[in-house]
Amino acid sequence: MRIKNCRIRGREGLYDVACADGKFTEIVQHKEDSKVADDEGLNAEEFDAKGRMMMPPFVEPHIHLDCVLTAGIPHYNMSGTLFEGISTWDEYKTTQPLAVSEIKERARAALRLMAEHGVQFVRTHVDVTETSFKGVCALEELKEEMKGIIEIQTIAFPQNGIISLKNGRELMIRAMDMGMDCVGGIPHYEYTREYGLESIKFIFDLAEKYDACVDVHCDEIDDGQSRFLEVLATTAWERGWGERTVAAHTCAMGSYNDAYCSKLFRLLKDSGIRFNSCPPASTHLQGRIDTFPKRRGLTRIKELTHAGMNVALGQDSISDPWYPLGVGNLLRVLEMGVHVAQMTGYEDLSHCLDLISTNGARNLCLKDSEYGIETGKDANFILLDGKDDLEVLRFQSPVLLSVHNGKIISRKEPVRAEVSF
Ligand code: FE2
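What you see is a predicted model; the values in this text were computed from it and never measured.

Chemist: For this particular structure, what's the right way to read the environment of arginine 244?
Modeler: Relative to the assigned elements, arginine 244 resides in the loop between α6 (228–239) and β11 (245–249). Once the C-alpha coordinates of arginine 244 and aspartate 215 are considered, the two residues, 29 residues apart in sequence, prove to be 8.2 Å apart. In this structure, arginine 244 is in contact with Asp211, Ala212, Cys213, Val214 and Cys365, ignoring residues within four places of it in sequence.

Right, dumping it as structure tokens:
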């Protein structure tokens, strides 16, 4: 396969790129009549990018694939709160005939939406407090089936808590025994602060035992007194687990006072942990108890980023009890994110795609060989109908080509409107 006449994000000039056997084989300056590489043994496909931008694929760092496409069953979340979302999901789990095949079908439909929008790496939470474990079985099977097309990492997610359930610890251990990749948690939802603290210790013990990453729903609440993040970061720092730890949501940081936050940032930097935020879902779910002023419910995306910490944006939901919208398009997530986090200055906008690509790759601890446009690496890339970050975000540019391991997983023609004047 050859892509001629493309920009490569982060580089000057135009390039011709060749791939073979699933790898990038040649990346050279574009010449009008040049051959990129010998045709011998190469796929005959050739694309003229006409100056459009190629970049590594988008990365979805935080979604719940076991819950996708269930909005409205058995009813919609009428208050729009996180807690009605959890209770509606509880009703779904107890009233609907759960089947592995049905969960896989919904998850696969969501993955197709994501593939269309350039996502090739996905980290999904899976509720392990659904005790039939159909969701766990479904996502573990799907993870295997999708290998080489879209890479999936699974997180053992205790939706209803670990310590607050009689058998919470056993459920987490069972899920890790079944091959899940990461240990999740929800300390702010445990019955007491002490239970939350105990859950964090348990999470890291489990991560060490299974040599797994940690990815915790942390302080997903507008309560400025919810301060499990400092415990999560300190534990990661103590155990040298920072680069393998993601603090997801940390919405309470949007309600912390500045004095506490400035002290907290020192720890966060020293710990090396990573962050995830889901702007559409959190803006929809948080601030619901406020009258006015109404909080935005987001963590400090800009401040963390400017302090040199790694923040990736994700969807959280696609049409589920927590969030009724979503089409698998991270550019929509990014557009809302840069507005609500006020990252709309030119500097931030000029590299905003980091938030849904390279930053996500770092959160997922992807291998160096599977991410980045360089000769010898896996041929994973997308071609966007735009020339740079600002244009792609502004026009919500479609992904014209998504190639994983050298194979096309999604392709789209550019759409041009005919305007009468
Ligand atoms: Fe979540």
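Chemist: It is not clear to me how the coordination of the iron ion should be interpreted in this structure. Could you clarify?
Modeler: In a perfect tetrahedron of four donors around a metal, the angles come out at 109.5 degrees. In a perfect octahedron of six, they are 90 or 180 degrees. At the metal site, the iron ion is ligated by His62 (NE2), His64 (NE2), His217 (NE2) and Asp316 (OD), and these contacts range over 2.2 to 2.3 Å. Its 4 donor atoms give the iron ion angles of 84 to 179° at the centre, a pattern that matches the irregular case. Along the chain, the residues donating to the iron ion fall in the pattern H-x1-H-x152-H-x98-D. Taken together, the positions of histidine 217 in strand β10 (residues 213–218) and aspartate 316 in the loop between β13 (311–313) and α10 (330–340) put the pair 99 residues apart, joining distant regions of the chain. Just as histidine 217 is buried, aspartate 316 falls in that class too.

Chemist: Before we go on, may I ask you to explain the sheet that holds strand β8 (residues 151–157) in this structure?
Modeler: Paired through backbone hydrogen bonds, the strands of a sheet run either parallel or antiparallel to each other. Taken in spatial order, the 8 strands line up as β6-β7-β8-β9-β10-β11-β12-β13 in an open sheet, and their pairing is parallel. A strand with exactly one partner marks an edge of an open sheet, and here the two such strands are β6 (58–63) and β13. Examined bridge by bridge, β11 and strand β12 (residues 274–277) share 3 bridges and lie parallel to one another. Each residue of the ladder has a partner; that of valine 246, found in β12, is arginine 274. Contacts from helix α5 (residues 193–210) reach β9 (182–183), β10 and β11 within the one sheet, and its direction differs from that of β10 by about 160°.

Chemist: What exactly am I supposed to notice about the side chain of aspartate 320 here?
Modeler: Relative to the assigned elements, aspartate 320 resides in the loop between β13 and α10. Buried charge without a partner: aspartate 320 forms no salt bridge, and the closest opposite charge is arginine 106, 8.2 Å away. Among the polar contacts listed, one links the side chain of aspartate 320 to the side chain of serine 317, at a separation of 2.9 Å. Those residues in contact with aspartate 320, other than ones at most four positions away along the chain, are Cys67, Val68, Thr70 and Ala71.

Chemist: Teacher, can you tell me more about the side chain of aspartate 66 here?
Modeler: Inspection of the secondary structure puts aspartate 66 in the loop between β6 and α1 (82–95). Excluding residues that lie within four positions of it along the chain, aspartate 66 makes contacts with Trp89, Ile103, Arg106, His125, Val126, Asp127 and Leu139.

Chemist: I tried to follow helix α2 (residues 100–116) on my own but got confused; where do I start?
Modeler: Each α-helix winds once per 3.6 residues, and so residues spaced three or four apart point in a common direction. The terminal C-alpha atoms of α2, which comprises 17 residues, lie 24 Å apart, in line with the 24 Å expected from a rise of 1.5 Å per residue. Along α2, the positions that sit buried rather than exposed are Ile103, Lys104, Arg106, Ala107, Ala110, Leu111, Met114 and Ala115. Following α2 by one or two positions, glycine 118 has its phi on the positive side, about 90°.

Chemist: I tried to follow the pairing of strand β2 (residues 15–20) on my own but got confused; where do I start?
Modeler: Each regular strand shows side chains that alternate between the opposite faces of the sheet. The element β2 is extensively covered by neighbouring structure, given that 6 of its 6 residues are classed as buried. Across the two faces of β2 the burial is the same, with Tyr15, Val17 and Cys19 and Asp16, Ala18 and Ala20 all buried. Relative to β2, strand β1 (residues 2–8) runs antiparallel, the two sharing 3 bridges. The residue bridging isoleucine 3 from the neighbouring strand is valine 17, located in β2. The antiparallel pairing of β1 with β2 creates a hairpin that spans 6 residues between the two strands, and glycine 10 there sits at a positive phi of about 90°. Pairing geometry for β2 and strand β3 (residues 23–29), over 6 bridges, is antiparallel. Each residue of the ladder has a partner; that of cysteine 19, found in β3, is phenylalanine 24. Joining the antiparallel neighbours β2 and β3 is a turn of 2 residues, in which aspartate 21 adopts a positive phi near 50°.

Chemist: Before we go on, may I ask you to explain the nonpolar core in this structure?
Modeler: Soluble globular proteins tend to pack their nonpolar side chains together in the buried interior. One finds Phe58, Leu65, Leu268, Phe275 and Leu334 to be the most contacted residues of the largest nonpolar core, which totals 86 residues. If you look at the next biggest cluster of nonpolar residues, it comprises 18 residues, including Ile3, Cys6, Ile8 and Phe24.

Chemist: Sorry if this is basic, but what is going on with the pairing of strand β15 (residues 399–404) here?
Modeler: For β15, the tally of buried residues reaches 6 of 6 residues, placing the bulk of the element in the interior. In this structure, strand β14 (residues 381–384) lies alongside β15, joined through 4 bridges in antiparallel fashion. Paired with leucine 384 across the two strands is valine 399, which belongs to β15. Linking two consecutive strands that pair antiparallel, namely β15 and strand β16 (residues 407–411), is a turn of 2 residues; a positive phi of about 50° is found at asparagine 405 within it.

Cut-offs used in this document
- Residues numbered from 1 in each chain as written.
- Predicted model: local features only at pLDDT ≥ 70, side-chain atom pairs only at ≥ 80, totals over all residues.
- Heavy atoms only, no water.
- Helix = DSSP H or I, 4+ residues; strand = E, 2+ residues; numbered from the N terminus.
- Contact = heavy atoms within 4.5 Å.
- Donors = N, O, S within 2.8 Å, 3.2 Å for Na, K, Ca; no water.
- Tetrahedral: all angles 85-135°; square planar, octahedral: opposite > 155°, others 65-115°.
- Buried < 20%, exposed > 50% of the residue type's maximum accessible area, 1.4 Å probe, protein only.
- Pairing = 2+ DSSP bridges.
- Axes fitted to C-alpha atoms, helices over the stretch in contact; angles between N-to-C directions.
- Lys, Arg positive; Asp, Glu negative; His and termini not counted.
- Salt bridge = Lys/Arg side-chain N within 4 Å of Asp/Glu carboxyl O.
- Polar contact = N/O pair within 3.5 Å; in protein donor to acceptor, adjacent residues only side chain to side chain.
- Expected span 1.5 Å × (residues − 1).
- Core = buried A, V, L, I, M, F, W, Y, C linked by side-chain atoms within 4.5 Å.

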